[in-house]
Amino acid sequence: MQFSFAPMEGITSCFFRRIHAACFPGVDRYWAPFLAPDGSGRCKEGAWRDLRPENNPGALPVPQILCNKAEAFLSVARELAAMGYTEVNLNAGCPSATVVPKHKGAGMLQDLRSLDDFLADVFSRCELSISVKTRLGLASAAEFPAILEVYRRYPLAELIVHARDRAGMYRSAPDLAAFSAALPACPFPVCYNGSITDPASLAAVQSAAPGLERVMLGRGAAANPALFRELRGGAPLGAEELRDVLARYGAVLSDSGIGEHYTLGRLKELWFYLAVNFPGDAKGLKRLRKAQTLPDYRAAVAALFAGDGFRPGAWGSADARSLT
Ligand SMILES: Cc1cc2nc3c(=O)[nH]c(=O)nc-3n(C[C@H](O)[C@H](O)[C@H](O)COP(=O)(O)O)c2cc1C
């Protein structure tokens, strides 16, 4: 089985990826959060910084583009190629209400003719191989056969299927039946994505889709950075290694020059997911959420670990689904 760490804006930055890879080796590929170019292909400087090879020592992630204009996509892809990238991913899954009405992300699935034209243009002119991260549909998984018919016309490097429709956002139960029914019609490698949080949820996916060789983990891995190891039969997350990865991540953020406010914001965003490991310590978690300075934050983290509330992996798929 090949394991990917999903792109998660605000979580899986180059700083996080670097520390995670050092502390928890065993991820086959990291996928970078999306670049969102404007109409002429310009992206924010911070987005480029995340992808610079010097900020990604060891291995480059797979970069992702959120856009529906072929020229802009190709212009970003050219810059990525110059940086040493060999593959680029198209985001056809983002469910955000600020993205979908612009026919971007999952909004690309609204008009399959435009999607087809876009893919024809980028596949004929892009020097990088192209993978796609998709949803099963906008309103219903019943849309997927027609969507797949479009993808099948192109030599996708990989199709990552977040097995929900857009309406399900991040909450509905993944539709394993619709996912597995589509597999035989896929002439390219397929990667499953959606609510894998523990060995049992991986086993459920494998039993619905025998022969599946790739999975991508998002929130489950943010909540349990040792999940990849655990899914390969290794030990569950330990308190000491969680403390260590947090300390190293905090130090890298502080050293990066983004400032205390953003460092704190990034750490708290990660704790939104890590909180499930401390199910009985609502007070300690509230203190952490309220921390306004890094010393306050560090004191709150120390208090959480000093208590006896650490229960690694204390969530099942039901809890994972309730995260937004
Ligand atoms: C905070 C957050 C940020 C995300 N950012 C991205 C992104 O930049 N690109 C993308 O394709 N998906 C993004 N996703 C979706 C995840 O990659 C993944 O498809 C989704 O969380 C389902 O997988 P999971 O159930 O394992 O979390 C994001 C999800 C969350 C919760």
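No experiment lies behind these values; they were computed from the predicted model shown. (Residues numbered from 1 in each chain as written. Predicted model: local features only at pLDDT ≥ 70, side-chain atom pairs only at ≥ 80, totals over all residues. Heavy atoms only, no water.)

### Side note on the site of the ligand
In the neighbourhood of the ligand, 19 residues make up the surrounding shell, with Pro 7, Gln 64, Asn 193, Ser 195 and Arg 219 lying closest. The contact in question runs from a nitrogen atom of the ligand to an N or O atom on the backbone of Glu 9, over 2.9 Å. A distance of 2.6 Å is found between an oxygen atom of the ligand and a side-chain nitrogen or oxygen belonging to Asn 193. In isolation the ligand exposes 610 Å². Once the protein is present, 91% of that is buried. Of all the secondary-structure elements, those providing two or more residues to the shell around the ligand are β2 (29-35) and β6 (159-165). Its residues assigned to classes, the shell around the ligand shows eight nonpolar, seven polar and four charged. (Near = heavy atom within 4 Å. Polar contact = N/O pair within 3.5 Å; in protein donor to acceptor, adjacent residues only side chain to side chain. Areas by Shrake-Rupley, 256 points an atom, 1.4 Å probe, with all protein chains shown as cover. Helix = DSSP H or I, 4+ residues; strand = E, 2+ residues; numbered from the N terminus. Nonpolar A, V, L, I, M, F, W, Y, C, P; charged D, E, K, R; others polar.)

### Describing the confidence of the model for the protein
Mean pLDDT over the protein stands at 95; residues scoring 70 or higher make up 97%. Scored below 50 in pLDDT, residues 317-324 makes 24 contacts in the model with residues more than four places away or belonging to other chains. (pLDDT = per-residue confidence, 0-100. Contact = heavy atoms within 4.5 Å.)

### Considering the nonpolar core
Judged by nonpolar contacts, the single largest core of 104 residues is most densely connected at Phe 73, Leu 80, Tyr 151 and Trp 271. If we ignore the near neighbours within four places in the chain, the residues touching Tyr 151 are Ala 92, Leu 109, Leu 115, Leu 119, Val 132, Thr 134, Leu 156, Leu 159 and Phe 188. Residues Trp 31, Val 62, Cys 191 and Met 216 belong to the second largest nonpolar core, which totals six residues. (Core = buried A, V, L, I, M, F, W, Y, C linked by side-chain atoms within 4.5 Å. Buried < 20%, exposed > 50% of the residue type's maximum accessible area, 1.4 Å probe, protein only.)

### Quick word on the pattern of salt bridges
With the rule as written, the count across this model stands at 13 salt bridges. In this structure, Glu 149 engages Arg 152 in a salt bridge whose closest nitrogen and oxygen atoms are separated by 3.8 Å. According to the relative accessible area criterion, Glu 149 is partly exposed, its value standing at 40%. Taking the shortest distance from any N to any O, the salt bridge between Arg 229 and Glu 241 comes out at 2.5 Å. In this pair, Arg 229 sits in helix α9 (residues 227-231) while Glu 241 sits in helix α10 (residues 239-255), placing the two residues twelve residues apart along the sequence. What makes Arg 229 partly exposed here is its relative accessible area of 27%. (Salt bridge = Lys/Arg side-chain N within 4 Å of Asp/Glu carboxyl O.)

### Topic: helix α12 (residues 282-290)
Along α12, the residues classified as buried are Gly 284, Leu 285 and Leu 288. For α12, the buried positions fall inside an angular range of 95 degrees around the axis, keeping them on one side. α12 presents Ala 282, Lys 283, Arg 289 and Lys 290 as exposed residues on the side facing more than 90 degrees away from its buried surface. Where α12 is buried, its residues contact α11 (260-274) and α13 (294-306). (Arc of directions from axis to C-beta.)

### Observations concerning helix α7 (residues 199-208)
In an α-helix there are 3.6 residues to a turn, and that puts residues three or four apart on one side. Residues of α7 that are buried: Ser 201, Leu 202 and Val 205. The buried residues of α7 occupy an angular sector of 105 degrees when projected down its axis, which confines them to one face. Exposed and oriented more than 90 degrees from the buried face of α7 are Ala 200 and Ser 207.

### Focus on the packing of helix α4 (residues 112-125) against helix α5 (residues 144-151)
When two helices pack together, you describe them by how their axes are tilted relative to each other and by the distance separating the axes. In contact at an axis separation of 9 Å, α4 and α5 are set at 20 degrees when each is read in the N-to-C sense. When the axes of α4 and α5 are compared, the pair comes out roughly parallel. For the crossing formed where α4 meets α5, the hand is right-handed. Contacts between α4 and α5 involve Leu 112, Leu 115, Asp 116 and Leu 119 from the first element and Ala 146, Ile 147, Val 150 and Tyr 151 from the second. For the contact of α4 with α5, a count of residues per class yields seven nonpolar, no polar and one charged. (Axes fitted to C-alpha atoms, helices over the stretch in contact; angles between N-to-C directions. Parallel < 35°, antiparallel > 145°, perpendicular 65-115°, else oblique. Left-handed = near helix turned anticlockwise from the far one by under 90°.)

### Here's the deal with the packing of aromatic side chains
Considering all chains together, one arrives at 13 aromatic pairs under this definition. Ring geometry for Phe 3 against Phe 228: centres 6.3 Å apart, planes inclined by 85 degrees, an arrangement best described as edge-to-face. Of the two residues, Phe 3 sits in strand β1 (residues 2-5) while Phe 228 sits in helix α9, which places them 225 residues apart along the sequence. When the centroid spacing of 5.6 Å and the interplanar angle of 85 degrees are considered together, the rings of Phe 5 and Phe 16 count as edge-to-face. Highlighted residues: Phe 5 in strand β1 and Phe 16 in helix α1 (residues 14-23), separated in sequence by eleven residues. Grouping residues by exposure puts Phe 5 and Phe 16 together as buried. Ring pairs connect the aromatic residues Phe 3, Phe 5, Phe 16, Tyr 30, Phe 228 and Tyr 249, which therefore count as one cluster. (Phe/Tyr/Trp six-rings, centres within 6.5 Å; stacked < 30°, edge-to-face > 60°.)

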